[in-house]
Amino acid sequence: MNAPTKTKVVLDESKIPTHWYNIVADLPEAPPPPLHPGTREPLTPADLEPLFPMGLIAQEASTERWIEIPQEIRDIYRLWRPSPMIRAWRLEQELGTTARIYYKYEGASPVGSHKTNSAVAQAYFNKQAGRTKLTTETGAGQWGSALAFACDVFDLECEVWQVRSSYEGKPYRHVLMETFGATVHSSPSELTQAGRALRERFPDTSGSLGMAISEAIEVAAGDPNASYSLGSVLNHVLLHQSVIGQEALLQLSEFDEQQADVVYGCAGGGSNLGGLAMPFLRENLYGNTTTRLVACEPKAAPSLTEGEYRYDFGDTAGMTPLLKMYTLGPDFVPDPVHAGGLRYHGMAPLVSFVKHLGLMDAIAIGQREAFAAGVLFARTEGIVPASESNHAIAGALREARQAAADGTSPVIVIGVSGSGQLDLPAYSEFLAGEMADS
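The structure displayed is predicted, hence computed values, not measured ones.

A. Just the packing of helix H5 (residues 116-128) against helix H6 (residues 142-153), in detail. Their axes nearest at 8 Å, the elements H5 and H6 cross at an angle of 40°. Of the possible angle classes, the one that applies to H5 and H6 is oblique. Judged by the sense of rotation from one axis to the other, the crossing of H5 with H6 is right-handed. The segment H5 lies against H6, with Thr116, Ser118, Ala119, Val120, Gln122 and Ala123 engaging Trp143, Ala146, Leu147, Phe149, Ala150 and Cys151. Across the contact of H5 with H6, the residue classes break down as nine nonpolar, three polar and no charged.

Structure, rendered in structure tokens:
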């Protein structure tokens, strides 16, 4: 197979989206609201004010289709947006597939992932509200790095609780956060009441995102100058990530594709998947396309494929509002797989609702299959993907191989949410044949 005439589309900066897209406006029915953990009544803006600025609270509850992106945020976006869409023609050749495979690559951002799309927005609205400090959790470290960068841009203090398994297994992640000026703790820690209680309940735990969330919320709630900042799950985070899917739709049209037949995204908390998939879902709902959307989650934390759809806490200590989502339960502690960003007991309420309505599919991928896909992708496309993205690539490879067997030619889009340069110890373990298939 010779290289196609066009192998990549990099949009002009004038095509950076001017508005975030809110899927809530186009869903066939309203999603279930978050509930106050004490009263079990729908949350009010006043309930969220101790943790979030009003600018983000308004976005969280908005039913407006389009929300304008402030110019100051778009100016920072220009450091890496628009991100490229690339035809994976060498991967197609290696597979011998009749499918056409494209990937939307978010690894060119300042910290190497999609997370900056929301981190910059959250830091901006907190700065506008007069907050001086942000606290957060991070799994793999991509979100913590993104928020550390964003806080540096807007001159805010940043304190991060990193899941213990990733803190110890990926030390350069917290070095990156510290390079941008953040303070980073291994979670669960002895620094918070929640952390101490969790260490007592789960001795020698490898930690989880739910535990780290509890610690970050406790500190933010106790400091009037601080806000809590979440890297996934909530509506306003998926809203900010919608720039990914908006750009992807434009880029596919420049490749002269009528539609994507199937879109694969990795799924942990739901931000990357939601940001890529929701603009494609809009086109389906408008009757313009028939794109199949597939969430690829780890077998170690299979909330969408094995969890219950019900109200549950977003953290382990029971400090968050109750969210209607697919959940494995707040006490669920996933195996310490390398895809730390996917080790979460629940799933974003919007992603969960879309899945519940039958508008999205989900599959669970084992760790070794994911890394085999990542190695093949690296050797054909020259990009080492983040551990999390490997799950989306693995799902797409299943589709591409089946297309070859069936003689069909689907258009496949993969969300490659970040770079795996700091995941090389995990790749080393896989290449040495020492990786557990969690």
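B. The environment of Gly181, seen in detail. Mapped onto the secondary structure, Gly181 falls in the loop between helix H8 (171-179) and strand S8 (183-187). In this structure the C-alpha to C-alpha distance between Gly181 and Asp155, which are 26 residues apart in sequence, comes to 9.9 Å.

C. Representation of the state of the cysteines. In total, this model carries zero disulfides according to the counting rule given. Cysteine Cys151 is unpaired, with the sulfur of Cys158 as its nearest cysteine sulfur at 4.1 Å. With no disulfide partner, Cys296 has as its closest neighbouring cysteine sulfur the one in Cys266, 8.1 Å distant. Take Cys296: its relative accessible area is 0%, and that puts it in the buried class.

D. View of unusual backbone geometry. Cis geometry is found at the peptide bond from Arg81 to Pro82, where omega equals -5°. Looking at where Pro82 falls in the secondary structure, it is placed in the loop between helix H3 (71-77) and strand S4 (85-87). Cis geometry marks the peptide bond from Ser187 to Pro188, where omega comes out at 5°. Residue placement: Pro188 occurs in the loop between S8 and helix H9 (193-201). Even without being glycine, Arg40 reaches a positive phi, approximately 60°. With respect to the helices and strands, Arg40 occurs in the loop between strand S2 (19-21) and helix H1 (45-48). Unusually for a residue other than glycine, Val233 sits at a positive phi of about 75°. Tracing the chain through its elements places Val233 in the loop between strand S9 (226-228) and helix H11 (235-254). Residue classification places Val233 among the buried positions, given a relative accessible area of 5%.

E. Quick look at the pairing of strand S15 (residues 411-416). Buried residues dominate S15, accounting for six of its six residues. The two faces of S15 match: Val411, Val413 and Gly415 on one face and Ile412, Ile414 and Val416 on the other face are all buried. Taken together, the six bridges between strand S5 (residues 100-105) and S15 define a ladder with parallel strand orientation. Each bridged residue has a counterpart across the sheet, and for Tyr102 the counterpart in S15 is Val413. Looking at chain direction, strand S10 (residues 262-266) and S15 are connected through three bridges and run parallel.

F. Region of the structure containing the sheet that holds S4. Pairing is mixed in the open sheet, where seven strands are placed in the order S1-S4-S5-S15-S10-S11-S14. One side of each edge strand has no neighbouring strand; the edge strands of this open sheet are strand S1 (8-9) and strand S14 (361-365). Sitting on the sheet, helix H15 (residues 367-381) touches S4, S5, S14 and S15, and the angle it makes with S14 is about 95°.

Reading guide: rules and limits
- Residues numbered from 1 in each chain as written.
- Predicted model: local features only at pLDDT ≥ 70, side-chain atom pairs only at ≥ 80, totals over all residues.
- Heavy atoms only, no water.
- Axes fitted to C-alpha atoms, helices over the stretch in contact; angles between N-to-C directions.
- Helix = DSSP H or I, 4+ residues; strand = E, 2+ residues; numbered from the N terminus.
- Parallel < 35°, antiparallel > 145°, perpendicular 65-115°, else oblique.
- Left-handed = near helix turned anticlockwise from the far one by under 90°.
- Contact = heavy atoms within 4.5 Å.
- Nonpolar A, V, L, I, M, F, W, Y, C, P; charged D, E, K, R; others polar.
- Disulfide = S-S within 2.5 Å.
- Buried < 20%, exposed > 50% of the residue type's maximum accessible area, 1.4 Å probe, protein only.
- Pairing = 2+ DSSP bridges.

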